[in-house]
Amino acid sequence: MLAGQSQYHQLYSVDILGLQDHRLPSISPTLHLPSTTNSTFKRTRQLSISFSLNHHQNPQTTSSSPTSDNEENFLRTHNAKSSVLLLRHLSPHQEGNSTPPSAHPKSQGKLIPREDKAKLLKMSLIRKRTPQFPGSIYVQCPSGPDFNASLPPLQNLFEGQKGNLVITANDDDDEMLMKALEIRRGVTVEIFKEAMRKGKFGITYSTNLISKLSDFIDFVMIQAASMKQLPEFSTASYNFRARTFIDDSGVVPLIRWLKHNSLSYPQIAKLICMSRGNLNSIRRLAEWLKTIYVRGRYIGVALTRAGRNILECNSQDLDEIVGYLEDNGVRKDWMGYVVSRCPEILSFSMEELKARVEFYLNMGIDEKDFGTMVFDYPKVLGYFPMEEMNQKVTFLKEFGLNDEEVGKLLAFKPQLMACSIEEKWKPLVKYFYYLGMSRDSMRRILCIKPMIFCVDLETIIVPKFLRDMGVQEEAIGNMIAKFPPLLTYSLNKKIRPVVVFLLTKAGVSQRDIGKVIALGPELLGCSIANKLDHNVKYFLSLGISLRKLGEMIADFPMLLRYNVELLRPKYQYLRRTMVRPLQDLIEFPRFFSYSLDERIIPRHRIMVEQRVNFKLRYMLGGTDEEFDQRVQAAVERRQRFESGVTFEEE
């Protein structure tokens, strides 16, 4: 029996290693456990546990143990923390005599290594069951009665303290506070995820949403901490207070409602953070947007892009903005589209909105054109600063345009307001000067095809292609001034296919292709299937060879742009009434460019009446005065010829 007691004494001998715990200042060296009845062994044992507080002072005390030196090497040794826990459980009757932990703050701080501080901090803040393992130092089950007693006081992890507010004194304490804050934030995130799961949200969606709700999570932490000042929550845990606040705020039903209205989780997260806790304003504003015909995902776009102060606006102010726009030409059924594309309008005050509207109306734009302009490009009203808008209008006036012309230009192409002066307009003007274009030509381009001033200069590769086709450098600027849409066409989808068609199907030679493009750049904008191919087939059906047709196109490229239905009556009149050969048409393909009723038929009648005959070039070219002089000269020559013949006969 003594041998058995000696064996248990060896197994549970605890060596404190000279560290005195402040919670157990005076405990007898030997503690005896009362004997208990064991149903398995059916015998009692006296368990003796001894330890020495003066181990380092008397290292020889272990030799007085009844065990041998060989057995002493196999003793189970606990550290100071496990010893304190064991002794606290074994001697509850002496707990009342222990010294308070605050009595030895310095010694307690020295007992806790820096690595253990983070673990203790996490265990103190996260009240969650963790896996238990044999030999654990602390009780890790929150429901256990000794959980709080097994952990050291939380304030002992820091250097100084003042009430409940920890005062850091060094970098280690700052780091511990940051870790404590991150741990508390993680606890709040888990509580929010639990609320989302109760709201029937998926794990992935909840994780993605909460990852963007950092501001709202901090707001929940602050509110949960402030709730402790209330009497009903003075004794409640942080988890309970955070869970209560989340449930009372109604954030989970709001997320469900916003998701039902086609808002993405980034939009929902941004709105919740923007609300600053006033979640009811989100639902109120979303319902108001539906009244002006904002639908679907554009509700989220309008809410998130309108600005932070939009959630603070009341419905009366928003109705006043909408009513003012309706009075100035923006139809009510357009309002949803306008607000969806430019929600910044809703964040303006009435004074700023009136100043922006009058900015356009003062340039001669009437209400009807103003409403159409805003509907065509809503950002023209509310996206750009007033100073930038004035600078762009001033730049456009440098091309010789007055206020009314600039107003018409903006009403026709309001996208000009989206172009940067330094990044687009000035480099483009410099490039036009390089091509030899005058400012009048640029003005013509601006009036005919203002979209060119919205094109990125780096994407303009048409001039290089034209050089490769044989177009001379000085002709490129004239081509662009003559046909400005040329710069907006795709090289591979539009220009190159037309060039290939002219070379292969229309009989144009490689030598003349540059001339054809330079004289008729409009051909590059024609459809091959609907226009060019039909015209080529028509001319070939007249008996004109492919080579001759190519020469005709080189002489008059616009020949392929006319409608076949307009060409047919002219050809029939030429062949049947004027009785002209086909060669005349091949020599002068411009015949088809003249009006049948106003030029061809009247001049042909004059020629028949005066019994004169001209080639088509001289018949149709020139003004009426020049034609009359030409006819009169031909009549005189005919009369002299006839009079000479008569005199010889006499």
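Per an unreviewed UniProt entry, the chain carries the name Transcription termination factor MTERF2, chloroplastic-like isoform X2 and comes from Coffea arabica. Database annotation for the chain, UniProt heading Sequence similarities (unreviewed entry): "Belongs to the mTERF family."

Owing to its 3.6 residues per turn, the α-helix aligns residues three or four sequence positions apart on the same side. In this model helix α10 (residues 238–249) runs 16 Å from its N-terminal to its C-terminal C-alpha over 12 residues, within 8% of the 16 Å that 1.5 Å per residue would give. Within α10 the residues assigned to the buried category are Tyr238, Asn239, Arg241, Ala242, Thr244, Phe245 and Ile246. Backbone geometry just downstream of α10 places Gly250 in the positive-phi region, at approximately 70°.

Within this structure, the stated rule accounts for 16 salt bridges. For the salt bridge of Lys548 with Glu551, the shortest nitrogen-to-oxygen distance reads 4.0 Å. Placement of both Lys548 and Glu551 in helix α29 (residues 546–555) is noted, with a separation of three residues, approximately one turn of the helix.

Right, let's get into the side chain of Arg356. Among the secondary structure elements, Arg356 is positioned in helix α17 (residues 350–361). Of note is the side chain of Arg356, whose polar atom sits 3.1 Å from the backbone oxygen of Leu381. Dropping the residues within four chain positions of it, Arg356 is found in contact with Phe348, Leu381, Gly382, Phe384, Pro385, Met386 and Met389.

What follows concerns the state of the cysteines. Following the criterion strictly, the structure yields zero disulfides and no others. Here Cys419 stays unpaired: no disulfide links it, and the sulfur of Cys454, its closest cysteine neighbor, is 3.1 Å away. The exposure class of Cys419 is buried, given its relative accessible area of 3%.

Moving on: the packing of aromatic side chains. Under the criterion given, the structure shown has 23 aromatic pairs. Here the aromatic rings of Phe233 and Phe240 are separated by 6.2 Å at their centres, their planes lie at 40°, and the arrangement is tilted. With centroids separated by 5.8 Å and ring planes inclined at 70°, the aromatic side chains of Phe539 and Phe592 adopt a geometry described as edge-to-face. Highlighted residues: Phe539 in helix α28 (residues 528–541) and Phe592 in the loop between α31 (582–587) and α32 (596–609), separated in sequence by 53 residues. As far as burial versus exposure is concerned, Phe539 and Phe592 are alike and both buried. Each member of the aromatic cluster is reached from another via a ring pair, and the members are Phe395, Phe399, Trp425, Phe432 and Phe453. The ring of Tyr383 has Lys379 sitting right over it, with the charged end atom 4.6 Å from the ring centre. Taking the ring centre of Phe399 as reference, the NZ or CZ of Arg439 above it sits at 5.2 Å.

All right, on to the side chain of Lys392 then. Along the polypeptide, Lys392 turns up in helix α20 (residues 386–397). Polar side-chain contacts of Lys392 include one of 3.0 Å to the backbone oxygen of Cys419. Those residues in contact with Lys392 that lie beyond four places of it in its chain are Phe384, Leu416, Met417, Ala418, Cys419, Ile421 and Trp425.

Parameters and conventions
- Numbering of residues starts from 1 in every chain and runs along the sequence as written.
- With pLDDT at 70 or above as the cut-off, local features in this predicted model cover only qualifying residues; side-chain atom pairs require 80 or more to be listed or tallied, and sums for whole chains, interfaces and linings still use all residues.
- Here the side-chain values reflect all heavy atoms present in the structure, with hydrogen atoms and water set aside.
- UniProt positions are given in the numbering used here, feature names are shortened, and annotations may be inferred rather than shown by experiment.
- Each helix is a run of H or I in the DSSP string that is no shorter than four residues. Each strand is a run of E no shorter than two, and both are numbered from the N terminus.
- Expected helix span is taken as 1.5 Å per residue step, with the number of steps being one fewer than the number of residues.
- Three labels apply to residues, based on accessible area from a 1.4 Å probe with only protein chains included: buried if under 20% of the type maximum, exposed if over 50%, partly exposed otherwise in between.
- One speaks of a salt bridge when a side-chain nitrogen belonging to Lys or Arg is within 4 Å of a carboxyl oxygen belonging to Asp or Glu.
- Polar contact is defined as a pair of N or O atoms within 3.5 Å, subject to the rule that within protein one atom must be able to donate a hydrogen and the other to accept it, and that residues adjacent in sequence are counted only when both atoms are side-chain atoms.
- The criterion used for residue contact is that any of the two residues' heavy atoms lie within 4.5 Å.
- Criterion for a disulfide: a pair of cysteine sulfur atoms within 2.5 Å.
- Here a pair means two rings of Phe, Tyr or Trp (six-membered ring of Trp) with centres within 6.5 Å. Their orientation is stacked below 30 degrees between planes, edge-to-face above 60, and tilted elsewhere.
- Put simply, a charge is over a ring when the Lys NZ or the Arg CZ is close to the ring centre, within 6 Å, and near the line of the ring normal, within 35 degrees.

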